[in-house]
Amino acid sequence: MSIFKDIPVDVGVIYEGERIRKPDMYVELGGPKTDSKFELVKARKMDEIEDGKIQIIGPDLKDLEEGKSYPFGIFVEVAGKEIEEDLEGVIERRIHEYCNYIEGFMHLNQRYDIWCRLSKKSFQKGLNSFILIGKVLQRLFKSELPIIEKIQITFITNPDKVKEMEKKAREIYEKRDARARKLKDEEVDCFYGCTLCQSFAPTHVCVITPQRYANCGAISWFDGRAAARIDPKGPLFKIEVGEILDEFRGEFSGANEAVKKKSLGEIERVWLYTAFGYPHTSCGCFEAIAFYIPEVDGIGIVHRDFKGATINGLPFSTMADSTAGGRQVDGFHGISIEYMRSPKFLQADGGWSRIVWMPTEVKERVKDFIPKDIIDKIATENDVKTIDDLKGFLESKNHPVIQRWKKMEEAKAEEIEVKAKTEEAPTAIIEAPSASAALGGFKVILKDATIIAKKIIIRKEK
Ligand code: SF4
């Protein structure tokens, strides 16, 4: 029984997190099998839109073939006295939440990457038109965000139109992101947090700073600020920066406290600018993954749209499964594309100097933000296919990560040498107070050494 009498399926928070597997799916809208998809919210003047209007460009749900995937766009226009352009990103992110309230309708990801599925069961119950989905969205938007006075929604399934509108939407996303780039983390006294993804990743808490965009790539610090203002009880909230505990790794007492509270004690610390130690938690809708490649002591990046295996032999989906869920996984880190454009990008790990592999497509998207002396030293799927190839490539390009190999080799050599000497010397006589040992005619002075001995014999010299 639906809370809305004219809607044939139930609607409510309990359906958030509902997954629709392939065998149960009636149709798929957007997703990895389609080239074009988007969702966009635009703020309009009061007289520019018609409240309650729902349009469909292309075939409606009932005219789509069962089991198939289709290009898809959701275009929402809103108006109200307090509605301004700054709020577009925040309202847009709510499409994800409200779509997931609908029984048998699943919405994943954001912006140019949406992935929706309608279940066979809900289709059979009568959810067979976008008009019904539009009605639910309009009611939820207006009741949850009362500043929306008028709302008009257009669903697009015509492939050419989706493509055309996606292009425009991407330009708008870029404009929003560029605005947020002007601010630095050091210039603000508060960050923003988001728990919208907890329906899928219960311990996930995004900490959004000016220079660390949300994992989904859809919420900037400005969006966080706007959302906390218009909906103080909503999923976005203010975080006081507090004490700076580690400027380089990005550890702040306020962020630690907020994450601990919102993850119900599961996560206690977060380092914002690294993929190691206590990295930012990863939900499930991150745009890309930064993953450690131990064989070269470097970091690879793969974005969601990359098809096929990455340099470590695993596709995005496999790595996403072991990264997601709101966990902190050492060396596997869900990130947004925009974060790659930040000067704080994995700063504690070496930033771009540590990146050794990434797909051409994502490299192209962020190329203006990769230091000029590094860009050609980062391999792509077109340069190398195996880890051995990658090693050769990095050597041939004199990638900065090679300096780390040299240091590691030196450290290893020292370790072997010390071990060998220790094994050669069954008895070491320590001459106090000079802390030196006599070994077969040589005098070895140990500095800053940790000595583990089964037995120490201190003998008085005659
Ligand atoms: S990724 Fe983060 S900011 Fe984006 S919706 Fe999820 S919790 Fe919110």
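Residues numbered from 1 in each chain as written. Predicted model: local features only at pLDDT ≥ 70, side-chain atom pairs only at ≥ 80, totals over all residues. Heavy atoms only, no water.

### A closer look at the sheet that holds strand β4 (residues 69-70)
In any sheet, the strands associate via hydrogen bonds between backbone groups, in a parallel or an antiparallel arrangement.
Link 1 in the chain: Strand order in this open sheet of four strands is β4-β1-β7-β6, and the pairing throughout is mixed. The strands lining the two open edges of the sheet, one partner per strand, are β4 and β6 (105-108). (Pairing = 2+ DSSP bridges. Helix = DSSP H or I, 4+ residues; strand = E, 2+ residues; numbered from the N terminus.)

### Points about the sheet that holds strand β3 (residues 54-57)
Link 1 in the chain: Strand order in this open sheet of four strands is β2-β5-β8-β3, and the pairing throughout is mixed. Every other strand in the sheet has two partners, leaving β2 (37-43) and β3 as the edge strands with one partner each. Taking the axes of each pair of neighbouring strands and ignoring which way they run, one obtains an average angle of 10° across the sheet.
Link 2 in the chain: Bridge count for β2 against strand β5 (residues 72-79) is seven bridges, and the pairing is parallel. Pairing of Lys 37 across the sheet is with Phe 72, part of β5. (Axes fitted to C-alpha atoms, helices over the stretch in contact; angles between N-to-C directions.)

### Focus on the packing of helix α1 (residues 88-99) against helix α4 (residues 159-180)
Link 1 in the chain: Interhelical geometry of α1 versus α4 gives an angle of 125° and a closest axis separation of 11 Å. When the axis of α1 is compared with that of α4, the two are oblique. Of α4, the residues touching α1 (which contributes Glu 88, Gly 89 and Glu 92) are Ile 172, Tyr 173 and Arg 176. (Parallel < 35°, antiparallel > 145°, perpendicular 65-115°, else oblique. Contact = heavy atoms within 4.5 Å.)

### Topic: the pairing of strand β8 (residues 150-156)
Link 1 in the chain: In terms of burial, β8 is a largely internal element, six of the seven residues being buried.
Link 2 in the chain: The sheet contact formed by β3 and β8 spans four bridges and is parallel. Bridge pairing links Ile 57 to Ile 156 in β8.
Link 3 in the chain: Bridge analysis of β5 against β8 gives seven bridges, and the strand direction is antiparallel. Following the sheet pairing, Phe 75 is matched in β8 by Thr 154. (Buried < 20%, exposed > 50% of the residue type's maximum accessible area, 1.4 Å probe, protein only.)

### A short note on the nonpolar core
Link 1 in the chain: Among the nonpolar cores identified, the biggest contains 53 residues, and Phe 38, Ile 301, Met 340, Phe 345, Trp 352, Ile 355 and Met 358 are the most heavily contacted of them.
Link 2 in the chain: Every residue in contact with Ile 301, bar those within four places of it in the chain, is listed here: Ala 288, Ile 289, Ala 290, Phe 291, Met 340, Phe 345, Trp 352, Ile 355, Trp 357, Met 358 and Pro 359. (Core = buried A, V, L, I, M, F, W, Y, C linked by side-chain atoms within 4.5 Å.)

### Some remarks on the packing of α1 against helix α3 (residues 130-144)
Link 1 in the chain: One can describe the packing of α1 onto α3 by two numbers: an axis separation of 10 Å at closest approach and a directional angle of 120°. In terms of orientation, α1 lies oblique with respect to α3. In the crossing of α1 with α3, the sense of the turn from one axis to the other is right-handed. Seen from α1, the contacting residues are Ile 91, Arg 94, Ile 95, Tyr 98 and Cys 99; seen from α3, they are Leu 137, Leu 140, Phe 141 and Glu 144.
Link 2 in the chain: Residue classes in the contact of α1 with α3 are distributed as seven nonpolar, no polar and two charged. (Left-handed = near helix turned anticlockwise from the far one by under 90°. Nonpolar A, V, L, I, M, F, W, Y, C, P; charged D, E, K, R; others polar.)

### Some details on the packing of aromatic side chains
Link 1 in the chain: Summed over all chains, the structure comprises 17 aromatic pairs.
Link 2 in the chain: Ring centres of Phe 72 and Phe 130 lie 5.5 Å apart, and the angle between their planes is 20°; this geometry places the pair in the stacked category. One end of the pair, Phe 72, is in strand β5; the other, Phe 130, is in helix α3, and 58 residues separate them in sequence.
Link 3 in the chain: Residue classification places Phe 72 among the buried positions, given a relative accessible area of 0%.
Link 4 in the chain: For Phe 130, a relative accessible area of 0% gives the class buried.
Link 5 in the chain: Here the aromatic residues Phe 72, Phe 130 and Phe 155 are joined through ring pairs into a cluster of three or more. (Phe/Tyr/Trp six-rings, centres within 6.5 Å; stacked < 30°, edge-to-face > 60°.)

### Looking at the site of the ligand
Link 1 in the chain: Around the ligand, the neighbouring residues are Arg 93, Cys 194, Leu 196, Cys 197, His 204, Cys 206, Ala 214, Cys 216, Ile 219, Cys 283 and Cys 285.
Link 2 in the chain: A majority-of-atoms criterion places the ligand in the largest cavity.
Link 3 in the chain: Looking at the shell around the ligand, its residues break down into nine nonpolar, one polar and one charged. (Near = heavy atom within 4 Å. 1 Å grid on protein atoms, 1.4 Å probe; cavity = no way out; pocket = protein on both sides within 12 Å on 5 of 7 lines; lining within 4 Å. Sits in = over half its atoms within 2 Å of the grid points.)

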